[in-house]
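Remarks on the overall topology
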Amino acid sequence: MTASQKNSEKAPAAAAAPGFEQSLARLGVTAESLPRHVAIIMDGNGRWARAQGKPRIFGHEQGAANVRQIVTECAALRLDMLTLYAFSTENWLRSRSEVDFLMDLLLRFLAAERQTMMQNNVRFMPLGRREGLDKRVLEEVDRTQRDTAGNTGLTLALAINYGARAEITDAVRAIAEKVQRGELRPGDIEPETISAHLYTAGHPDPDLLIRTAAEMRISNFLLWQISYAELYVTDVCWPQFSVEELHKALRAYAHRTRKFGDVPAPGK
Ligand code: FPP
C-alpha cells in the first residue's frame, strides 16, 4: 500500500488553512501522499550553538523560535497532527540551569504562541506526566489547551516530561485497575485496548518520524505508536530545520511504499 493509497481514506479538512494550494505547489506532491501525522525528535540545539561559539541555551532559544514556522507549515498543509518532542523524562538528568532554562522557555513559548495557534486553527495537546512539572508551566499548558480546544485544524501535541516507557507503564496500570475492578477481562485485552489507554488515545499513529541532527535512535519517543512509521533522519540541526527541510522529508515520505508487514501486489 502506498502512502497515497493509505491516505486516500482521509476525510477532507473542514476549514481551509490559509496557503494550502501554495504550500502544496511548492512541495510538489499530491495532498493524498502527505502523512496524516508527523512526529519530530528535535535534536541538535546544543551542537548548533557550539558551532556558532555560543552557549547551549542559545541553541534552545533558536530551536524554540523555529517551532513556529514548522507548526504553521504543517497547519497550512492540513496535516491532522504534529507531535514534537520538547522535554523527555530523561532530560531531568541535565544540569539544573539547563533544565530551568528549558522550563522557562516552554512557559514563554506557550504564552507567546497561543495567538499563532488561534490564527492557524491549531489545537494544542500536551503529552507526558504532569507530576514533576512546575505549577507555572502547568498553568500555561492548561490555558493553551483550554483556549485552543475548539480549533479544528492541526493538532499540535507537545511532549513535555514525556517518556514512552512511562506512558506504557501508566497505560498498564490503568488497565490493571480495570481488571481488578472487574470491568475488563485479561483475555479481552487487545492492542487496541493498550492504544486506548495511552496519552495519544483517539489520535492517529505517526506516519512519519523525523529526527534532526543525524542520530540514529528513538530515545524513548512514542515506542508503541511508531510501529509502522516511516523514519527520516537528517544531518540538519533543529534550529536550522527550515520549511524546505520539512518539504524534503515530506517528499521522501511520498515516495515510500508502506507495506504494514504485507507484500504489495505487483505494480503497487
Ligand atoms: C535537543 O537538543 C533538544 C531538546 C532538549 C528538546 C527540544 C527543545 C527545543 C526545541 C527547545 C524548546 C522547545 C519548545 C517547544 C519551547 P540537544 O540539547 O540535545 O542538542 P545536542 O544533542 O546537540 O546537545
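Residues numbered from 1 in each chain as written. Predicted model: local features only at pLDDT ≥ 70, side-chain atom pairs only at ≥ 80, totals over all residues.

1. Details of the overall build of the protein chain
To keep things clear, this is the line we draw: Helix and strand labels come from DSSP, where a helix needs a run of H or I of at least four residues and a strand needs a run of E of at least two; each type is numbered from the N terminus. The atom set for the radius of gyration is the C-alpha atoms, and the globule formula is 2.2 Å times the number of residues raised to the power 0.38. Residues with at least 20 neighbouring C-beta atoms inside 10 Å of their own are called buried, those with 12 or fewer are called exposed, and the rest are partly exposed, where every C-beta is derived from the backbone. Here the contact rule is simple: place C-beta atoms from the backbone, and any two residues whose C-beta atoms are within 7 Å are in contact.
Helix and strand counts for the protein chain stand at nine helices and six strands. Relative to the globule expectation of 18 Å for 268 residues, the C-alpha radius of gyration of the protein chain, 19 Å, shows essentially globular dimensions. In terms of its C-alpha atoms, the protein chain occupies a principal-axis envelope of roughly 55 × 55 × 35 Å. For the protein chain, the proportion of its 268 residues judged to be buried stands at 35%. A fraction of 81% describes how many contacts in the protein chain between residues 6 or more apart in sequence connect residues 24 or more apart.

2. A closer look at the site of the ligand
The cut-off we apply is this: Think of it this way: take the backbone, place a C-beta atom on it, and check whether that atom is within 6 Å of the molecule or strand, in which case the residue is near it. Three categories are distinguished: nonpolar for Ala, Val, Leu, Ile, Met, Phe, Trp, Tyr, Cys and Pro, charged for Asp, Glu, Lys and Arg, and polar for the others, with Gly belonging to the last.
As a matter of local geometry, the ligand sits amid 18 residues, with N45, G46, R47, G63 and F109 nearest to it. Looking at the shell around the ligand, the elements with two or more residues in it are α3 (45-51), α4 (56-76) and α5 (96-119). By residue number, the principal contributor to the shell around the ligand is α4, which donates five residues. For the shell around the ligand, the class distribution of residues is nine nonpolar, six polar and three charged.

3. Overview of the environment of V243
Inspection of the secondary structure puts V243 in helix α9 (residues 243-254). Those residues in contact with V243 that lie beyond four places of it in its chain are Q69 and E73.

4. Examining the confidence of the model for the protein chain
Which entries qualify depends on this criterion: Confidence of the prediction at every residue is given by pLDDT, a number between 0 and 100.
For the protein chain, per-residue confidence averages 93 on the pLDDT scale, and residues scoring 70 or more make up 93% of the total. The model gives residues 4-17 a pLDDT under 50, and that stretch makes 22 contacts with residues more than four places away or in other chains.

5. Some words on the nonpolar core
Counted only if it meets this: Definition of nonpolar core: a set of buried Ala, Val, Leu, Ile, Met, Phe, Trp, Tyr and Cys residues joined via C-beta atoms within 7 Å.
Counting residues in each nonpolar core, the largest one holds 58 residues, and the members touching the most others are C74, L82, L84, Y85, L156, L158 and A159. Among the elements that line this core, the one with the most residues is α4, at seven residues. Excluding its chain neighbours within four sequence positions, the residues that come into contact with L82 are V38, V71, C74, L154 and L156.

6. Here's the deal with the sheet that holds strand β1 (residues 37-41)
Where we set the bar: A strand pair is defined by DSSP finding two or more bridges across the two strands. Angles here are taken between N-to-C directions and fall from 0 to 180 degrees, while the axes themselves are lines fitted to C-alpha atoms, restricted in helices to the stretch in contact.
Spatial strand order, β3-β4-β2-β1-β5-β6: six strands in an open sheet with parallel pairing. Two strands bound the open sheet, and with one partner strand each, they are β3 (123-127) and β6 (230-233). Neighbouring strand axes in the sheet, compared pairwise and without regard to direction, differ in orientation by 20° on average. The pairing of β1 with strand β2 (residues 81-88) spans five bridges and is parallel.

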